[in-house]
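# Report on the structure
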Amino acid sequence: MSEPGFLSVLPPLLAILVALLTRQAVLALLAGVLFGELVLGSGAIFGALAGTVDRVVQAFADNPSILLFSTLVGAVLTLVGRIGGVSGFAKWMVRRGLVSSGRGAQALALLLGLGIFVESSITCLVSGTAARPLFDRFRLSREKLAYLTDSTSAPVCILIPLNAWGALVIAILGTLGIESGVALLAASIPLNFYALAALALAFFFGLSGRDFGPMKRAQTRARETGQVLRPGARPLASTEVLGAGPAPGAREQPSSMVVPLAVLLVMIFVGLLITGEGNLLQGNGGTSVLWAVLAATLVAAGMGLAQRVISLQDTVDLVLKGAGGMVPVVTVLLLSFAISGVARDLETGVYLAGIADAAMPAWLVPAVLFVVTSAVAFSTGTSWGTFAIMLPIAIPAAAALGLDAPLVVGAVLSGGIFGDHCSPISDTTIIASMASGSDLVDHVNTQLPYALLGGGAAVIGFLAAGLLT
C-alpha cells in the first residue's frame, strides 16, 4: 500500500469481531488474514487465497522457535502429569497447609507470576501449571486463573526488565540516539502506570475474593456447580495434555513437577548467556526457550524412566500425545503471527500512530500516546512490534515539546502492554489461556473489564503527570 488508511485497520478488527461472535479463534484469525490479503491484492480472490497460504507458511518460517516451544510444552505437561507431578504438587501444598483455600491458590498463582520474570510465556506456563490443579480443587474458574497468569506475565516482565523485554527496549532506544537506554528505561518504570495498575488489580482481585462482571459469573458458576469451565467451552490445550493423570504405581510427589520446571527456568538463563556470549540481555529469547523446553522434556522423561513409572515406549507415546494435544494452541499462534504480518504490510500501526501527530497541548501528549499505542497493540496483537513503531514517534515528540523522556517512554510501554493485554490475537493472551486450560474467548471476555479498569487508571495517571511536568 502506498499510504496507510482506514482499510488497514479492518483485518484485525474483523478477526476480533468474528472471535467474539463465534468463539472460534481459528476461524476468526483466518478471516482476518484472508480479508487482509484481499485488501493487499485489491480484491483479487484467488490471489488472496494464495496469499493466505503463503502468509501462514512465512509465519511458521519466521517463528519456528516459539511454535516448537509451544508444541513441546505439551510433552512436558503430559509427562509431568503422568509421573505424578501435578497431582503430587497439589496434594503436597494442601497437606502442608501452604494452600488451604481458594484465596491461597490465587496467592500462589500471583507469587509465581511475580517471581518468574525471565520471559512472559514461561511465567504463564509455570504459574498456570502449578496453580491449575489447586484452582480445580477449590472450585475456582479457569478464567480467573488465566486472568491472574496473564496479569503477572508481561506487566512483571516490563517492570523487572532483566530479560529480553528490557533488551528490546534498550536496543530501540539505542537506534534513536539515546546514549543511556538502561537509565531511561529504569526511570520509566515508576511511570509505567498501566503495568503497575494491572499488577495491583490482579493482587486485589486475587486476594480479596471480590470479582465483578463476567468474571464474577464465572466464579459463581465454578463455586456453585464445580464447573471450572463454561459448558461448551473449548480449552486451547486438549484434555490429553491437561488431564494426564498419574500412571499406576506413580509416586505422587511435588519434585516430579518442580524439578522439570526448575530445569526449564534455569536453562532459560543458560541459553540467554550462551546465545548472548555472556551478556544475558543480548541473548536470543526464542532459541533459549526452545533449549529450555527440550531439557525439561528430557528430565521429565528421565525421572519417569528412573522411577519405573513409564516405559520407553510409554515415554515416546506420551511425548507425541502431548505435542499433538497442543495443535490447537500452535494453530492459533501461527495464525496470530500471520495476521500480525498482514497488519505490518498494511501499515496498520503506522496509520494509527499518525493520529498522535495531530497538534495538541504538550500536557495531553503522554495520555494520547498511551491511547494510540494501546490501539496499535490491540490491532496488531504484539507489544514488541508496537514498541518498535511507537518509540521512534514518542522520543522525538518528547524532545520537540520539552516533555520528560521517561514519561513518554512509560506511556508507550504502558500502551503496548494494555493493548496486548486486551487483544485476543496476542500471543501472550493465547499462551495464558493455554497454560490455565481456559477457553481463549472466555479469557478475553472475563479479563477485559479488569484491563479497562487499569487502562482508565493509566489515562488518569498520564493526564496528571502531563499537567505536573
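Structure's up top.
Remember, it's a predicted structure, so these values are computed and weren't measured experimentally.

Rules used in this analysis
- Residues numbered from 1 in each chain as written.
- Predicted model: local features only at pLDDT ≥ 70, side-chain atom pairs only at ≥ 80, totals over all residues.
- Heavy atoms only, no water.
- Helix = DSSP H or I, 4+ residues; strand = E, 2+ residues; numbered from the N terminus.
- Rg over C-alpha atoms; globule rule 2.2 N^0.38 Å.
- Buried < 20%, exposed > 50% of the residue type's maximum accessible area, 1.4 Å probe, protein only.
- Contact = heavy atoms within 4.5 Å.
- Areas by Shrake-Rupley, 256 points an atom, 1.4 Å probe, with all protein chains shown as cover.
- Lys, Arg positive; Asp, Glu negative; His and termini not counted.
- Charge placed at Lys NZ, Arg CZ, Asp CG, Glu CD.
- Expected span 1.5 Å × (residues − 1).
- Bend = angle between axes of the 7 residues up to and from the residue.
- Disulfide = S-S within 2.5 Å.
- Axes fitted to C-alpha atoms, helices over the stretch in contact; angles between N-to-C directions.
- Parallel < 35°, antiparallel > 145°, perpendicular 65-115°, else oblique.
- Left-handed = near helix turned anticlockwise from the far one by under 90°.
- Nonpolar A, V, L, I, M, F, W, Y, C, P; charged D, E, K, R; others polar.
- Patch = residues over 30% accessible without salt bridge, like charges linked within 9 Å, V, L, I, M, F, W, Y side chains within 5 Å.
- Salt bridge = Lys/Arg side-chain N within 4 Å of Asp/Glu carboxyl O.

### Here's the deal with the overall build of the chain
In terms of regular secondary structure, the chain is built from 24 helices and 0 strands. Relative to a compact globule of 469 residues, whose C-alpha radius of gyration would be 23 Å, the chain shows 22 Å and is just as compact. Over its C-alpha atoms, taken along the principal directions, the chain stretches across nearly 70 × 55 × 50 Å. For the chain, the residues scored as buried account for 55% of the 469 residues in total. Look at the contacts in the chain between residues 6 or more apart in sequence, and 79% of them connect residues 24 or more apart. Accessible area for the chain stands at about 17,900 Å²; split by element, carbon and sulfur atoms hold 67% of it. Each charge class in the chain was averaged separately, 23 positive and 24 negative side chains, and the resulting centres sit 19 Å apart.

### As for the side chain of R55
Checked against the element boundaries, R55 lands in helix α3 (residues 45-62). Ignoring sequence-local partners within four residues, the contact set of R55 consists of V33, E37, L40, A338, G341, V342, R344 and D345.

### Observations concerning helix α22 (residues 405-422)
The end-to-end C-alpha distance of α22 is 26 Å, a good match for the 26 Å that 18 residues give at a rise of 1.5 Å each. Taking burial as the measure, the 18 residues of α22 include 17 buried ones, the bulk of the element.

### Details of helix α21 (residues 383-401)
The end-to-end C-alpha separation of α21 is 25 Å, in line with the 27 Å expected for 19 residues at 1.5 Å each. The largest bend along α21 measures about 35° and falls at M390, with the proline P392 one to four residues further on. By the burial criterion, the buried members of α21 are S383, T386, F387, M390, L391, A394, I395 and A398. At the exit of α21 stands G402, carrying a positive phi of roughly 70°.

### Here we look at the state of the cysteines
For the structure on display, the rule yields 0 disulfides. Looking at the unpaired C124, the closest cysteine sulfur is the one in C157, lying at 8.4 Å. Residue C124 is classed as buried on the basis of its relative accessible area of 0%. Judged by relative accessible area, C157 falls into the buried class, the value being 0%.

### As for the packing of helix α7 (residues 120-137) against helix α23 (residues 427-436)
Interaxial distance between α7 and α23 falls to 8 Å at its minimum, and their mutual angle equals 20°. With respect to each other, α7 and α23 are oriented roughly parallel. Both α7 and α23 take part in a crossing whose hand is right-handed. Along the contact surface, α7 presents S120, S121, C124, L125, G128, T129 and R132, while α23 presents T428, I431, A432, A435 and S436. Residue classes in the contact of α7 with α23 are distributed as 5 nonpolar, 6 polar and 1 charged.

### Points about a nonpolar patch on the surface
A cluster of nonpolar side chains, namely V266, V270, I274, W291 and L294, defines an oily patch on the protein surface of about 410 Å² accessible area. Those elements that place two or more of their residues in the nonpolar patch are α15 (255-275) and α16 (285-306). Counting residues per element, the nonpolar patch draws most heavily on α15, which supplies 3 residues. Structurally, W291 is set in helix α16. Residue W291 is classed as partly exposed on the basis of its relative accessible area of 32%.

### Focus: the environment of T428
Inspection of the secondary structure puts T428 in helix α23. Here the alpha-carbon distance between T428 and S121, two residues 307 residues apart in the chain, equals 6.5 Å.

### Here we look at the packing of helix α5 (residues 85-95) against α15
Where α5 meets α15, the axes come as close as 7 Å, and the angle between the chain directions of the two elements is 110°. When the interaxial angle is binned, α5 and α15 end up roughly perpendicular. Only S256, M257 and V258 of α15 make contact with α5, whose side of the interface consists of G85, V86 and F89.

### Describing the pattern of salt bridges
All told, the structure shown has 7 salt bridges when counted by the stated rule. The closest approach of N and O atoms between D211 and K144, which form a salt bridge, is 3.1 Å. With D211 in the loop between α12 (193-208) and α13 (213-225) and K144 in helix α8 (residues 142-151), the pair connects residues that are 67 residues apart, well separated along the chain. We note that D211, like K144, is buried. Note that R230 and D439 form a salt bridge whose closest N and O atoms lie 3.7 Å from each other.

This is a description of form; function is not addressed.
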